[in-house]
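# Understanding the architecture of this molecule
Spelled out from the first residue to the last, the chains are:
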Amino acid sequence: MRVHAQRAGALLGGLMFPAWSMADWTLNMTPGVTGTSNEIFSLHMTILWICVVIGVVVFGVMFWSIFAHRKSQGAKPANFHENTLVEILWTIIPFVILVVMAIPATATLVDMYDTTESEVDIKVTGYQWKWQYEYINEDFGYFSNLSTPREQIENRQAKGENYLLEVDNPLVIPVGKKVRFLLTANDVIHSWWVPDFGVKKDAIPGFINETWTRVDKPGIYRGQCTELCGKDHGFMPVVVEAVPEEEYNAWVAEKKEAAERERQLTQKDWTMAELMERGEKAYQTACAACHQPDGSGAPPAFPALKGSPIATQDMAAHIDIVVNGKAGTSMQAFGNQLSEVDLAAVITYERNAWGNNTGEMVTPKEIFDYKNQQ
Amino acid sequence: MAVTGVFMSAVADTHAQDHHHGPAKGISRWLLTTNHKDIGTMYLIFSFAMFLLGGTMAMVIRAELFQPGLQIVQPEFFNQMTTMHGLIMVFGAVMPAFVGLANWMIPLMIGAPDMALPRMNNWSFWLLPCAFLILVSTLFMEGGAPNFGWTFYAPLSTTYGPPSTTFFIFAVHIMGISSIMGAINVIATILNLRAPGMTLMKMPLFVWTWLITAFLLIAVMPVLAGVVTMMLMDINFGTSFFDASGGGDPVLFQHVFWFFGHPEVYIMILPAFGAVSHIIPAFSRKPLFGYASMVYAVGAIALLSFVVWAHHMFTVGIPIVGQLFFMYATMLIAVPTGVKVFNWVATMFRGSLTFEAPMLFAVAFVILFTIGGFSGLMLAIAPADFQYHDTYFVVAHFHYVLVPGAIFGIFASAYFWLPKWTGHMYDETLAKTHFWLSFIGMNLAFFPMHFLGLAGMPRRIPDYALQFADFNMVSSVGAFMFGATQLLFLLIVIKCIKGGKKAAAQPWDGAEGLEWTVPSPAPYHTFATPPEVK
């Protein structure tokens with residue numbers, strides 16, 4: 001029997017060892033970089049080892065029976081079939097183990113739910129299929145979109161290191177401060193997850209959820225949406241950059257200034273060429289996921305814009321549907337998602353791209369007035 | 001019956017007044033049958049057909065996930081595949097298979113001539129193909145099939161659902177009616193038609209587990225019907241049950257759904273517990289250890305299953321008191337489940353074991369279901385669930401309880417009772433091959449999913465980051481192996497129906513129960529006079 005055990009051990013080791021030496025074959029949960037994620041990790045490891053021990057005992061008895069009590073080995077069956085004492089024992093012992101397990105789990109949970117005394121508050125809104133981050137006390141916000149090029153997803157280009165886990169504008173937070181997240185969604189339920197923080201919370205339309213983190217180590221942390229939210233659920237990553245406080249303050253100042261500049265752009269006189277150039281960019285980030293880069297759409301859920309009545313006929317209807325969305329469909333209200341400049345640029349672009357050569361344009365000022373009249 | 005008999009004899013005088021006549025000829029035998037064996041057979045065939053269809057969809061999913069990048073299908077279609085795979089496997093494969101086993105075996109096990117409500121039995125079967133015809137037809141509708149996951153969370157399934165959602169709702173309603181009627185029939189049969197002397201605590205465990213399962217079905221299928229009806233109203237009649245902008249609550253959907261959904265997972269496993277509790281003693285040649293505690297454990301699991309639903313919702317933001325309640329209640333389920341596993345092991349201990357195909361599947365059931373139970377215990381720890389939730393760790397967990405749990409339980413039952421059904425022994429070598437290939441393929445497919453989930457891969461995504469590539473490839477290879485192996489099962493069953501070694505009335509040394517007192521194959525009508533149980 002010992003020989004068998006040694007052979008089995010050698011075989012198992014031989015199978016497992018190459019796996020351990022390769023970095024990509026990650027086996028376990030990350031301990032993460034926050035107090036919460038560390039506590040979760042230790043709970044995870046404790047319960048895992050408890051399960052392993054129970055498993056070894058139970059399967060040990062079972063494998064012993066399989067090995068030693070076989071008919072082919074001449075085993076004669078015993079006839080016992082009841083024992084109240086062992087039934088009571090194997091009811092009570094697991095119960096005690098569970099109580100022991102529940103105590104640290106309760107403590108961790110209480111800590112995770114304590115969102116008081118935060119120093120930075122950020123509102124996180126889930127959209128199909130991007131995240132919006134608003135710095136509530138600083139009066140600015142922005143969208144965070146997947147930045148992996150379509151060519152990589154469709155295998156026409158080699159995939160980058162952070163394939164599907166990269167965004168245009170990451171969330172930036174200061175290290176060493178308690179950051180509170182207020183989560184909600186604009187359309188369907190999403191879920192915001194950063195494994196390294198041990199933070200996952202659903203973003204639910206019409207409701208606000210709270211959670212928090214405190215990151216001590218500067219770095220870039222990556223996660224994903226974890227609640228099925230439609231077609232591009234797999235394509236809305238979360239990227240968080242934790243930076244030292246000074247760097248964070250400088251970044252906030254710069255963001256506020258940029259927001260102010262953006263507001264002034266509304267007053268500028270735009271030419272058709274400028275609008276078309278900006279419109280193409282805005283279209284690719286905000287519209288192309290559904291209506292496709294070439295405006296062909298994916299009917300019936302996502303109609304084509306190329307040659308469509310909306311994009312080629314009445315301008316007012318076109319502005320209305322972009323700004324206010326269309327109730328009961330996936331078409332969102334972009335009035336609050338995009339700046340006046342981007343709204344004007346996108347509408348102008350849609351009316352003149354892909355052979356929709358209407359020659360018409362709408363300026364940011366006109367959009368601004370339109371929104372004020374509502 | 002009597003009236004029909006008289007009428008029939010008046011029309012065709014030559015027709016013998018014999019109630020022991022055989023099956024009708026041709027298609028009408030199957031369309032109009034009220035015989036529990038025929039209906040059981042139809043359920044089993046239907047279930048296997050659905051198993052292959054749902055499995056094909058799983059193959060599409062695993063083929064797309066074989067490598068990073070989009071190769072075979074687009075995300076829209078991928079979501080339709082995950083949704084339909086889940087719905088078809090749960091409602092089309094696993095549940096009807098157990099109803100099929102119940103139809104065949106419960107009357108034979110309790111010494112009853114048939115099910116208590118044979119005409120309703122016919123109707124509850126024939127509703128199923130209709131329901132699935134509707135469900136599967138949505139794949140060909142404009143806008144495609146349901147694409148919101150088998151859990152169909154609102155508002156993704158309501159405001160944002162495809163036009164075919166209404167057909168999906170109708171299909172769920174029909175399946176629900178079928179299940180409820182099946183459950184009523186099981187309860188009526190068990191409570192009224194047991195042979196004299198068979199008291200409740202003398203009933204075979206498969207009968208016990210099915211009795212409890214049937215009560216679970218009656219309790220929760222109307223809840224499912226309720227939640228889809230609310231969806232129907234939201235979509236077509238302007239209500240706002242799940243729409244926050246109209247004063248509704250998307251989280252309400254999840255509460256109602258999981259109030260159905262959690263007992264549902266026990267509906268899919270309890271009958272397997274029962275079957276395995278026959279198979280392990282038979283091939284250990286030793287009585288089941290702790291019969292009474294097995295019955296109480298199943299009862300406890302069924303009761304607890306009603307107070308744990310929100311453990312599927314630890315991240316939706318329920319208050320901490322609720323969170324703690326559902327964590328503790330969920331952990332408690334480990335106690336009765338543990339008792340069952342310990343009892344099975346104690347049954348094997350000091351037995352005289354042989355390993356024919358039913359025993360192989362049953363032993364694998366105990367080991368692998370326990371592994372699924374362990375990961376379930378880990379998921380119950382609410383703080384840790386924040387990391388596991390909606391990742392591949394969860395996918396690994398429920399496939400470990402459903403594939404080697406429910407499905408291995410069904411295979412074990414099929415091999416155990418095939419001699420009784422067909423009168424022939426199946427090909428043992430092929431059956432063992434079926435077992436080992438399934439065992440290896442299944443573990444290869446689902447064990448790496450634990451690692452993927454822990455490393456951070458969310459579920460229900462058509463494409464993934466590069467660090468998940470290796471284990472996904474392993475998993476896909478395992479899935480293809482498992483999938484292809486199931487065609488072998490079809491071959492084994494057909495071969496067994498067509499011929500093979502004649503089976504004795506009692507083909508297994510250690511098996512006990514009334515079903516082994518009738519000849520193999522079981523005659524079309526059995527127990528016209530009830531047997532006496534001492």
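Since we're looking at a predicted model, the values are computed, not measured. (Residues numbered from 1 in each chain as written. Chains lettered and ligands numbered in written order. Predicted model: local features only at pLDDT ≥ 70, side-chain atom pairs only at ≥ 80, totals over all residues. Heavy atoms only, no water.)

Attention now moves to the confidence of the model for chain B. Within chain B, residue pLDDT values average 94, and 96% of them lie at 70 or more. Reported confidences for the modelled complex are a pTM of 0.89 and an ipTM of 0.90. (pLDDT = per-residue confidence, 0-100.)

All names here are of chain B. With domains assigned, chain B is organised as domain 1 (33–243) and domain 2 (269–471 + 489–517). Here the C-alpha centre of domain 2 lies 19 Å away from the C-alpha centre of domain 1. On the side of domain 2, 42 residues touch domain 1, which itself brings 45 residues to the contact. Three residues stand out in domain 1 for area buried against domain 2, namely Phe98, Met201 and Leu205, and they jointly supply 17% of the buried area on that side. For the pair domain 1 and domain 2, the interface holds zero salt bridges. Run the count over domain 1 and domain 2 and you get ten residue pairs in polar contact (both at pLDDT 80 or more). Elements represented by at least two residues in the side of domain 1 that touches domain 2 include exactly helix H3 (36–64), helix H4 (75–110) and helix H7 (205–236). (Domains from an automatic or database assignment. Contact = heavy atoms within 4.5 Å. Buried area = accessible area lost by both parts, 1.4 Å probe. Salt bridge = Lys/Arg side-chain N within 4 Å of Asp/Glu carboxyl O. Polar contact = N/O pair within 3.5 Å; in protein donor to acceptor, adjacent residues only side chain to side chain. Helix = DSSP H or I, 4+ residues; strand = E, 2+ residues; numbered from the N terminus.)

At the interface, 100 residues of chain B touch 95 residues of chain A. Roughly 8200 Å² is buried in total at the junction of chain B and chain A, and carbon and sulfur atoms are behind 71% of that figure. Across the chain B-chain A interface, the total number found is one salt bridge. Of the charged contacts in the structure, one is a salt bridge between Asp509 of chain B and Lys71 of chain A, with a shortest N-O distance of 3.2 Å. One can count 24 residue pairs in polar contact (both at pLDDT 80 or more) joining chain B with chain A. Residue assignment for the side of chain B that touches chain A shows that the elements contributing at least two residues are H4, helix H8 (250–267), helix H11 (320–348), helix H12 (357–380), helix H13 (382–388), helix H15 (428–455) and helix H16 (469–498) of chain B. Considering only residue class, the side of chain B that touches chain A consists of 60 nonpolar, 27 polar and 13 charged. (Nonpolar A, V, L, I, M, F, W, Y, C, P; charged D, E, K, R; others polar.)

On to the packing of aromatic side chains. Inspection of every chain in the model, using the stated rule, returns 71 aromatic pairs over all chains. Note on Tyr283 of chain A and Tyr349 of chain A: the rings are 5.5 Å apart at their centroids and 50 degrees apart in plane angle, and the pair reads as tilted. Separated by 66 residues along the polypeptide, Tyr283 of chain A in helix H6 (residues 272–286) and Tyr349 of chain A in helix H10 (residues 340–352) bring together distant segments of the chain. Among the residues examined, Tyr283 of chain A registers a relative accessible area of 0% and is labelled buried. The exposure class of Tyr349 of chain A is buried, given its relative accessible area of 7%. Between Phe361 of chain B and Phe411 of chain B, the aromatic rings sit 5.4 Å apart at their centres with planes inclined by 50 degrees, giving tilted as the arrangement. With Phe361 of chain B in helix H12 and Phe411 of chain B in helix H14 (residues 392–422), this residue pair connects regions lying 50 residues apart in the sequence. Look at Phe361 of chain B and you get buried, because its relative accessible area is 0%. For Phe411 of chain B, a relative accessible area of 3% gives the class buried. Positioned above the aromatic ring of Tyr163 of chain A, the side-chain terminus of Lys159 of chain A is 5.1 Å from the ring centre. Here the basic side chain of Lys268 of chain A rests over the ring of Trp270 of chain A, its NZ or CZ set 4.6 Å away from the ring centre. (Phe/Tyr/Trp six-rings, centres within 6.5 Å; stacked < 30°, edge-to-face > 60°. Buried < 20%, exposed > 50% of the residue type's maximum accessible area, 1.4 Å probe, protein only. Lys NZ or Arg CZ within 6 Å of the ring centre and 35° of its normal.)

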